[in-house]
Amino acid sequence: MKNNKNKNLILKGIAASSGIVIGRVFLLKNYDIAPIDNIRIPLSERSREVRRFHEAVVDTKLEMNETREKINKALGESYAKIADVHLFMLEDPIMIKDVTDKINKGISAEYAVYDFTRGIALSLEAEKDGYFKERAADIKEVSKRIIHNLISKKGKTISLEDVGKNSVVVAHNLTPADTVSMKEKFVLGFATDIGGKTSHTAIVANGLGIPAVVGLANISQSAETGDEIIIDGNKGLVILNPEKEILEKYKKEIKDFTVVKKELEKLKDLPASTIDGYSVEVFGNIENPNEAASVLSMGAAGIGLYRTEFIYFNRADLPDESDHFDACVKVVENMNGFPTVIRTADLGGDKLADLGLLKLEREKNPFMGLRAIRLCLKYPDLFIKQLRGILRASAKGKINLLYPMISNVDELREADKILQGVKEDLRKEKIPFDENIKRGIMIEVPCAAMISDILAKEVDFFSIGTNDLIQYSMAADRVNENVARLYDPLHPAILRFIKMIIDSGHNAGIKVAMCGEMAGDPFYTPILLGLGLDEFSVSLSQIPKIKKIVRSVKIEDMKEFARQILQCGDRDKIEEIVESINLSEDKTDV
Ligand code: PEP
Ligand code: MG
C-alpha cells in the first residue's frame, strides 16, 4: 500500500455503471485543478528555469497562431480575430515580468505561472461586470496552455495512454478528450470527484461494461497511484486500501456475479419478445467506430445511436469530409446490413472539443448554449462536411440520420435545407448515396416534447434523449452531483413527457426509440414497455439485461402497470409500484 493515511477509506458516491472490480489506482492529475507542486528552485538553476518559462511562452504562441490559422480557414477572419485576445495576453509584459520575478525568488516556473494567474483571475472574477469575468477565463486558458507546455517538456504530463494493466482510473473528472486516448483493455473501472449518472464518465463506463462511481467529492485528493481500490458500481461505493475482510467479501461477490453474467450471455441471440409475443428492438449505443465490431455479437439489432462528436476530440485540426466518411464506413461495414443511426455532431455542453473554435465560444451556461444542432447551424461548413461524409457512407450500408437537440420546427427545416443542398451537390458530382435515407430527431428538450405531435409529422422517427430531457425538465445539471437527487426518471413530469412523445410518434405512424441511459437501466424496462416504447438503444453491456426483462413479462400487464403509474402523482408511490414488479437481476429465470 502506498497510501498509509487512507487505509480502508470508504467513500460514497453515485453509482454510474454497475459491477464490482478490485484494482490499482491510476491517478489522472488535472493540472487545471490540482495545484501544481510548489518546488523550491535552487539559486544555481533559476536562470535555466526562467529560460524554460520563456520557451514555454514561445511554444504556446506558436500553438495559438496555428489555432488562429485553423479558425481563419474554417470560419473566416472575423472569428479568427477572437484568438488575438489570447495572443495579446501571452505577450503581456506585466505577466512576463511578474512570473520571471517569482522564478528569480526560487519559485518553479509552473507554480509562478499558476500563482500569477490565480491572483489576477480571482480579482477579475470578483467584478460584477461579465466582461471582466470573461477575461478571467481567458487568462486561465492562456496560463493552462503555458503550464501544459512546461510540464510536457519535462515529460511529466500523464494521460490515459500511460495507464497500466488492472488500473482503476481516479480523476477529478474525465472529459471526452481524456478518454479518447485511453488504453481500454487495461482499465477496470472509474472513480471521479464530480459527475452524475449521465455524465461522460458514466456513458463511457457503461459502453465499456466496466463499473464506475462518480460524484465522490475528493477522491482525486485522497487516492495515490498504486493504492489498492475496490469500485462497487452497484452501490456507488469506493474503498481505498481495503482491509482483509472487506476484500474477501468483495472477491466472493465478483465470483457470484461472473456466474450471473454467463447466464445473461445466453440471451444475446434470442429476440426481445414478451411472453405473449409482443416484440421490441434492442439496439446498441456507440461512441467510437471501433466499438461497432462488438455490437452484433452482443445481440443488438443494429446501432441506435452513434455519437459522432468523438471524432472532433484530441486532434490538431477539424475533421474533414473524408474523416467523417471513413469513420461512418468503418461502422456500417461491421453491421452486415443492420441499421445504424448516425447522430450529427452534438458538440457543446460538456462535449467541448479541444478546438480553438469551440473554446472561443466560451459560454457561461454551455448546456443552455450553442450546442448540437444549434452549433451546426451556426457553422454550416462544419455541418456540411459531416453530412457529406455520412451521406457518402450511406451507399455502403443502412444509415438513418439523427439530428440532436431540435427545439422547434424551424431548426429542423433549416437542417433539412442544408441536407437537401448536400444531396443536390452529391447528385451533381455523381457521388452515390442513399436517396431514401431516413432522418429522425432527438427529443431531448421539453419544448420539443410539448410539440412532438407537430414534429412527428415532419420526420421519420424519434429518439428520446432522456439524459438531456431530464436535465432540462428538472433544471438539474446532469453532471452536477449536488443536484443528482433531482435528476429523476420517475418524476411524474418525465413519465408524462415520455408518454406524450411515444403517443405523438405513434399517432403520426413513426417509431419511437429511446437512447438515453434510462433505456439501458433494467429497472425502467417494464414501465417503458408499458408506455409503448418501440426501440431501446443502450450501452452494449446492458443489451442482455434488457432482453431478459422483456422476455419475462406480458405486454398487457405492463400496459396496465403503466396506466396505474401515470395516474399516480406521488413519486415515491411510483417507485413502490415499479419496485413491486422489479424483475432485474436475480428475480427472473433466464
Ligand atoms: C441523451 O441526451 O439522452 C442522449 C442520448 O444524448 P447525450 O447523452 O449524448 O447528450
Ligand atoms: Mg443528449
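Numbers given for residues are sequential positions, taken from 1 along each chain in its written order. Lettering of chains starts at A and numbering of ligands starts at 1, both following the order in which they are written. pLDDT decides what is reported in this predicted model: residues at 70 or higher carry local features, side-chain atom pairs at 80 or more are listed and counted, and totals for whole chains, interfaces and linings draw on all residues regardless. No hydrogens and no water enter the side-chain calculation; it runs on all heavy atoms of the structure.

Caption draft 1: The overall build of the chain, seen in detail. Looking only at helices and strands, one finds 24 helices and 16 strands in the chain. Over its C-alpha atoms the chain spans a radius of gyration of 25 Å, differing by no more than 12% from the 25 Å that the globule rule assigns to 590 residues. Along the first, second and third principal axes, the C-alpha set of the chain runs to 80 × 70 × 45 Å. Residues counted as buried form 55% of the 590 residues belonging to the chain. Working rule for contacts: check all heavy atoms of both residues, and any pair within 4.5 Å makes them a contact. For the chain, the share of sequence-separated contacts (at least 6 apart) that also reach a separation of at least 24 residues comes to 69%. Of the roughly 25600 Å² that the chain leaves accessible, carbon and sulfur atoms contribute 52%. Across the chain, the mean location of the 83 positive side-chain charges is 2 Å away from that of the 90 negative side-chain charges. Labels follow the DSSP assignment, with helices taken as runs of H or I lasting at least four residues and strands as runs of E lasting at least two, numbered in each case from the N terminus. The atom set for the radius of gyration is the C-alpha atoms, and the globule formula is 2.2 Å times the number of residues raised to the power 0.38. We call a residue buried when its accessible area falls under 20% of the maximum for its residue type, exposed when it is over 50%, and partly exposed in between, using a 1.4 Å probe and counting protein chains only. All accessible-area figures derive from a Shrake-Rupley calculation using a 1.4 Å probe, and residue coverage is judged against the displayed protein chains alone. Positive charge is attributed to Lys and Arg, negative charge to Asp and Glu, and no charge count is given to His or to the chain ends. Here the site of a charge means atom NZ of a Lys, CZ of an Arg, CG of an Asp or CD of a Glu.

Caption draft 2: Structural context of the coordination of the magnesium ion (ligand 2). Distances from the magnesium ion (ligand 2) to its protein donors, Glu-444 (OE) and Asp-468 (OD), fall at 2.0 to 2.1 Å. Here Asp-468 lies in helix H19 (residues 466–474) and Glu-444 lies in the loop between strand S13 (438–443) and helix H17 (446–450), a separation of 24 residues in the sequence. This pair shows no difference in class: Glu-444 is buried, exactly as Asp-468 is. Sodium, potassium and calcium take a 3.2 Å donor cutoff, other metals 2.8 Å, and in both cases only N, O and S atoms count; water is not among them, so sites may look incomplete.

Caption draft 3: A look at the sheet that holds strand S1 (residues 9–12). Strands qualify as paired when DSSP identifies two bridges or more between them. If you walk across this open sheet you meet the eight strands as S1-S8-S7-S3-S4-S5-S6-S2, and the pairing is mixed. At either margin of the open sheet sits one strand with a lone partner, and together these are S1 and strand S2 (14–17). Strand after strand, the sheet turns through a mean of 30 degrees between neighbouring axes, direction not considered. Summarising the sheet, strand S7 (residues 228–232) and strand S8 (residues 237–240) pair through four bridges and their orientation is antiparallel. Looking at the pairing, Ile-229 lines up with Leu-240 of S8. With respect to the sheet, helix H8 (residues 200–208) is in contact with S2, strand S5 (187–192) and strand S6 (212–214), its orientation differing from that of S2 by roughly 45 degrees. With respect to the sheet, helix H10 (residues 244–265) is in contact with S1, strand S3 (20–28), S7 and S8, its orientation differing from that of S3 by roughly 115 degrees. Throughout, an axis means a line fitted to C-alpha atoms (over the contacting stretch in the case of helices), and angles, computed between N-to-C directions, take values from 0 to 180 degrees.

Caption draft 4: Looking closely at the side chain of Glu-411. Relative to the helices and strands, Glu-411 resides in helix H16 (residues 409–428). Note on definitions: salt bridges are taken to be side-chain nitrogens of Lys or Arg within 4 Å of carboxyl oxygens of Asp or Glu. No salt bridge is formed by the buried Glu-411; the nearest opposite charge belongs to Arg-374, separated by 4.1 Å. Every residue in contact with Glu-411, bar those within four places of it in the chain, is listed here: Ile-373, Arg-374, Leu-377, Met-405 and Ile-406.

Caption draft 5: Expanded view of the sheet that holds strand S15 (residues 511–514). The sheet built from eight strands closes into a barrel, its strands ordered S9-S10-S11-S12-S13-S14-S15-S16 with parallel pairing. The sheet shows a mean angle of 25 degrees between the axes of neighbouring strands, direction not considered.

Caption draft 6: Spatial organisation of the pattern of salt bridges. For the structure on display, the rule yields 33 salt bridges. Ionic pairing is found between Arg-343 and Asp-346, a salt bridge with its closest N-O pair at 3.5 Å. Here Arg-343 matches Asp-346 in class, with each residue buried. Residues joined by salt bridges that share partners form a network here, namely Glu-309, Arg-343, Asp-346, Arg-371, Asp-468 and Arg-478.

Caption draft 7: Here's a closer look at helix H3 (residues 83–90). Counting buried positions along H3 yields six of eight residues, so the element is predominantly enclosed. For H3, the complete set of buried residues consists of Ala-83, Asp-84, His-86, Leu-87, Met-89 and Leu-90.

Caption draft 8: Representation of the domain arrangement of the chain within the structure. Looking at the chain, the domain boundaries give domain 1 (4–30 + 157–243), domain 2 (43–150) and domain 3 (267–587). The source of the domain bounds is an automatic or database domain assignment. Computed over C-alpha atoms only, the centres of domain 1 and domain 3 are separated by 26 Å. Contact with domain 1, which involves 21 residues of that partner, is made by 21 residues of domain 3. Summed over both partners, the accessible area (1.4 Å probe) lost when two parts come together is defined as the buried area. At the boundary of domain 1 with domain 3, total buried surface from both sides reaches about 1600 Å², with 55% on carbon and sulfur atoms. Where domain 1 packs against domain 3, one counts zero salt bridges. Here a polar contact means two N or O atoms within 3.5 Å. Within protein one must be a hydrogen donor candidate and the other an acceptor candidate, and residues neighboring in sequence count only if both atoms are side-chain atoms. On the surface where domain 1 and domain 3 come into contact, there are six residue pairs in polar contact (both at pLDDT 80 or more). Taken together, the elements giving at least two residues each to the side of domain 1 that touches domain 3 come down to helix H7 (176–180) and H8. Here the element with the most residues in the side of domain 1 that touches domain 3 is H8; it accounts for five residues.

Caption draft 9: Expanded view of unusual backbone geometry. One non-glycine residue, Asn-166, lies in positive phi territory at about 55 degrees. Looking at the element boundaries, Asn-166 is found in the loop between helix H6 (130–153) and strand S4 (167–171). Look at Ala-217: it is not a glycine, yet its phi comes out positive at around 70 degrees. With respect to the helices and strands, Ala-217 occurs in the loop between S6 and helix H9 (219–222).

Caption draft 10: How the structure looks around the nonpolar core. One finds Tyr-403 and Phe-462 to be the most contacted residues of the largest nonpolar core, which totals 103 residues. Top contributing element to this core by residue count: H16, with seven residues. In contact with Tyr-403, other than residues within four places in its own chain, are Thr-344, Ile-373, Phe-383, Leu-412, Ala-415, Asp-416, Leu-419, Arg-439, Gly-440, Ile-441 and Met-442. Put simply, a nonpolar core is a bunch of buried Ala, Val, Leu, Ile, Met, Phe, Trp, Tyr and Cys residues held in one set by side-chain atoms that sit within 4.5 Å of each other. Membership of the second largest hydrophobic core comes to 27 residues, among which are Met-64, Met-89, Leu-90 and Val-113.

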